[in-house]
Amino acid sequence: MLTTLTSAWANLRTRWHLFAGAFVAVALGVALVASMGLGLAAAADPPAGKPQRFAAQPVVVMPRDTLTVEVDRGPHRAHASKKIPHPQPVDKEILRELAELGTVHRDHLAPDAVGVDASATAVREVVGDRAQVLTGAARRLADPGAERDAQAVVAVRAMLGTAGGVSAFVAVFVTASTFAFVVALRRREFGLLRLAGATPGRVRRQLITEALAVGVAASATGCALGSWGAPLLARALIDNGIAPPWFTVSGTGTPQSTPWTPWTSWTSWTSWTSWTYWVSWPFQLAFWTGLFVAVAGAWAASRRAGRIGPVAALRDADMDTDVMPWSRRIVGAALLTLGLGLTVHTLWADPSALLKRKTYTTQPMILITAAAALAPLLVRPVLRLIRLPGAVGLLVRENAAASVRRTAAVAAPVLVTVALAGSLMGSAESVSAAKTQEANEQTNAQLIATGADLSLARQPVAGAAVVSPSASSAVFVREEGTALVRSEARAVSDPAALAATSRLPVVSGAIRHLDDRSIVVNEEWEHHRVGDRLTVWLGDGRRTRLRIAAVLARGTGDNGAYVTMANAGAAPVDRIDVRLTPGASPAAVTDALLAATSGHDVRVRTAAAWLDATHPRVKPQTRQGMLLLLGIALTYTAISLAGTQLMAASVRDGELRALRRAGATRAQVRWMLAGEALVAVAAGTALGLAVTALNLGGLAAALGLISPESGAGAGAGAGAGLDAGVVVPWGVVGSAVGVCAVVAVGAGVLGAGWRRRNGAGG
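A few points on the structure. Treat the numbers as computed from the prediction; the structure is a model and nothing was measured.

This part takes up the pattern of salt bridges. Per the stated rule, a full pass over the model turns up 15 salt bridges. A salt bridge links Arg490 to Asp574, with the nearest nitrogen and oxygen atoms 2.5 Å apart. Here Arg490 is found in strand S9 (residues 483-492), whereas its partner Asp574 is found in strand S15 (residues 573-580), with 84 residues between them in sequence. Put simply, Arg547 and Asp515 hold a salt bridge, and the shortest N to O gap is 3.6 Å. Residue Arg547 is located in strand S13 (residues 543-552), and its partner Asp515 is located in the loop between strand S10 (506-509) and strand S11 (518-522); the two are separated by 32 residues in the primary sequence.

Our focus in this paragraph is the nonpolar core. One recurring pattern in soluble globular proteins: nonpolar side chains tend to sit buried together. Counting residues in each nonpolar core, the largest one holds 117 residues, and the members touching the most others are Val170, Leu237, Val416 and Leu420. With 17 residues, helix H18 (residues 404-442) is the single largest residue contributor to this core. Apart from the residues within four sequence positions on either side, Leu237 is in contact with Val156, Met159, Leu160, Ile242, Ala243, Phe247 and Leu628. Listed in part, the 20 residues of the second largest apolar core include Ile519, Val521, Val536 and Ala561.

On the surface, a cluster of positive charge is made up of Arg517, Arg533, Arg543 and Arg545. The residue Arg543 is located in strand S13 in this model.

Turning our attention to the sheet that holds strand S6 (residues 132-135). Read across the sheet, 4 strands follow the order S4-S5-S1-S6 without closing on themselves; strand pairing throughout is antiparallel. Looking at which strands have only one partner, the edges of the open sheet turn out to be strand S4 (104-106) and S6. On average, each strand axis in the sheet is inclined to that of its neighbour by 30 degrees, with strand direction left out of account. Across 3 bridges, the pairing between strand S1 (residues 59-62) and strand S5 (residues 114-116) is antiparallel.

With respect to the helices and strands, the residue Ser470 is situated in strand S8 (residues 464-479). Judged by its relative accessible area of 4%, Ser470 falls in the buried class. A polar side-chain atom of Ser470 sits 3.0 Å from a polar atom in the side chain of Arg490. Leaving out residues up to four positions away in the same chain, Ser470 has contacts with Arg490, Ala491, Val492, Met565, Val573, Asp574 and Arg575.

So, about the packing of aromatic side chains. Evaluation of the coordinates by the stated rule reveals 1 aromatic pair. Aromatic side chains Phe287 and Trp288 sit 5.2 Å apart centroid to centroid with 90 degrees between the ring planes, which places their arrangement in the edge-to-face category.

Moving on: H18. For H18, spanning 39 residues, the distance from its first C-alpha to its last is 54 Å, which sits close to the expected 57 Å at 1.5 Å a residue. The buried count for H18 comes to 36 of 39 residues, which makes it a mostly enclosed element.

Where nonpolar side chains cluster on the molecular surface, the patch consists of Leu336, Leu340 and Leu694 and spans about 220 Å² of accessible area. Here Leu340 shows up in helix H13 (residues 326-349). Note on Leu340: relative accessible area 37%, which makes it partly exposed.

Conventions adopted
Per chain, residues are indexed from 1 in the order of the written sequence. Given that the model is predicted, a residue must reach a pLDDT of at least 70 before its local features are reported, and side-chain atom pairs must reach 80 or more before they are shown or counted; all residues, however, enter totals for whole chains, interfaces and linings. Calculated side-chain values reflect all of the structure's heavy atoms, with hydrogen atoms and water omitted. For this document, the term salt bridge refers to a Lys or Arg side-chain nitrogen within 4 Å of an Asp or Glu carboxyl oxygen. Note on conventions: DSSP H or I runs of at least 4 residues are helices, E runs of at least 2 residues are strands, and numbering of each starts at the N terminus. Here, nonpolar core means buried Ala, Val, Leu, Ile, Met, Phe, Trp, Tyr and Cys residues that are tied together by side-chain atoms lying within 4.5 Å of each other. Only protein chains enter the accessibility calculation, which uses a 1.4 Å probe; a residue is then buried when its area is under 20% of its type maximum, exposed when over 50%, and partly exposed in between. The contact criterion used throughout is that any non-hydrogen atoms of two residues lie within 4.5 Å. Patches here are clusters of residues that have more than 30% relative accessible area and form no salt bridge, with a 9 Å joining cutoff for like charges and a 5 Å cutoff for nonpolar side chains (Val, Leu, Ile, Met, Phe, Trp, Tyr). Under the convention used here, a 1.4 Å probe and the Shrake-Rupley method define accessible areas, while residue burial counts only the protein chains that appear. In summary, the charge assignment counts Lys and Arg as positive and Asp and Glu as negative, without counting His or the chain termini. Charge coordinates come from a single atom per side chain, which is NZ of Lys, CZ of Arg, CG of Asp or CD of Glu. At least two DSSP bridges between two strands are needed for those strands to be called paired. Only C-alpha atoms enter the line fits that serve as axes; for helices the fit covers just the stretch in contact. Angles between N-to-C directions range over 0 to 180 degrees. Any pair of nitrogen or oxygen atoms within 3.5 Å is treated as a polar contact; in protein, a donor-acceptor pairing is required on top of that, and neighbouring residues in sequence qualify only through side-chain atoms on both sides. What counts as a ring pair is set by centres within 6.5 Å for rings of Phe, Tyr and Trp (its six-membered ring), and what kind of pair is set by the plane angle: stacked under 30 degrees, edge-to-face over 60, tilted for all other angles. What a helix should span is 1.5 Å times the count of its residues minus one.

Limitation: the analysis is restricted to geometry and does not speak to function.
So this is what it looks like as structure tokens:
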């Protein structure tokens, strides 16, 4: 054991240039996971603000804003809860009883809660379980902005959850690949050790010991970097409009009012001296993930290195042969089969599932991992397709083909980056384009008025043939007895007006049959046969039974339910769709509609302008979040790519010296190194685009299968089909490829030049 430790320490000191790349890969990967984890922890427990609306009252009484329903959980019964959008106001009987305890303060602008000048104990005894009783910081839940802040935190959690998963995926893959490449670069050393009498077990123990040392040091460094970078991540989320202005990463010891700087983060006394901060779950997860990946990557490579005989190891060190063990081929083939099988199964069972964000941000990872695992096997066929002119071009291609491990080590991170950029951004933009087209096809109005709590002061509006007020609401249904599912709903006052101002994709029934005792659902519902009766819970929590009047196609996921105003509780009208009489002036009708409409922030736009504002290709927050995510992944990939190139340059002294002695000029050697880097980047780009094509191809097939055209014969208003197609984000992909190419070429050429200037090269 002592001999192994001594040998490992000597290797770490003398071959630090080989281990530097692995150290950087682990440290950056751990920093990414730690930063995302700290952000998630902060979003899960946001700081409690001070109450404003009822700051002077010790107790606030609010109506219950959650719906709780019994569901099956295996053999037992459990309760599922969902927030309702329009809680019923506090009961008058409760208000009368509260008035006997003390003064009751009402807010006439928003009469959904009251403040009470009485003790919390007495109020709870009176209210019981009929309403919520809030005290202390919880009184802020009655403020108008509380719901908005809660939604913002949910968006931050979703963003960081996705970003954390993708970042962890990239970090684990790059770290494992880097360690495998470090071992591959030391094949000659292992051959000499085996000739000197070292047993396979001795080789494996030495490699694992080195990996442990690098993993522990790098993971600890990564945790420190994560603590430093988490506030920077929070500031980036705020600057890009993803997080609310008050969002901050807890535990850093930096007040919210203090501008973030690297110095305040590094010198924060609260966080750096608190052991509870360092043993929190984000650091535990990041540290042990980094250590596990480092050891696992070295262990997998050490098993193969230990099995190779001395002569075979020396021969394999000169030319890459058998670059991919059968275990990796089996794993890669299994992942490829799984990824393609899941896509085909989803297309057959539920095509609309491929359009959901959780699916198109996670399912592509399987195919990306499969392609990355099979990269050494796929690189050679791609290299055969590349033709470069001249002697330098021939040398570039042959060198790249002969050193497949080196080429694949450069190509694989590029593959992952290109596939992520193309698949994630392409899927988001394609789905948004399909939603925009679907909304355009379903809108038959010419003018649309929007605002808060709209109402028409007079009827009819001059120049308007049809006026259709509606409100945003929700309905809840218990599906299969095991889940309480929320569906967005639109509440209308006149079903005939709805039919005139829209072209809904009806597959059975008719919109005009909608009344106060019925509902319009879509094909995603468990029960969607016209005439069936459903037990549903309305937006204010009331339970009722409604008959299905019509069924809509699934579409892109935006085809929600429709009910009448009687089943929308206190939902305020927030939209009015208008059809004009023949020959009426849109400007004149707009003025008449503004004069007849009262409410907050009233705005009248043409249908086209309203669609452009409410259905952009990709929501700005979503796009900024994905660009931030891809930027983080690209930065990590670029740094790891530079480390890989520098490690590769450190073992090519003899090869480059031989080229110089054979008559090659220094410029020709540089061109060769640059060409090899570009060929590797091109191979990774080609494979990444192939994976992107598979992922976006499945999405295109899903858009074709969910086309409303398939059910057009069943009811009026079915659309003509979604032909928006997939969108390939060439700008984002091109930028990623350009950064990877510049980094790979620069690190490869500069690394060889640095070795030569220090006496290693010829």
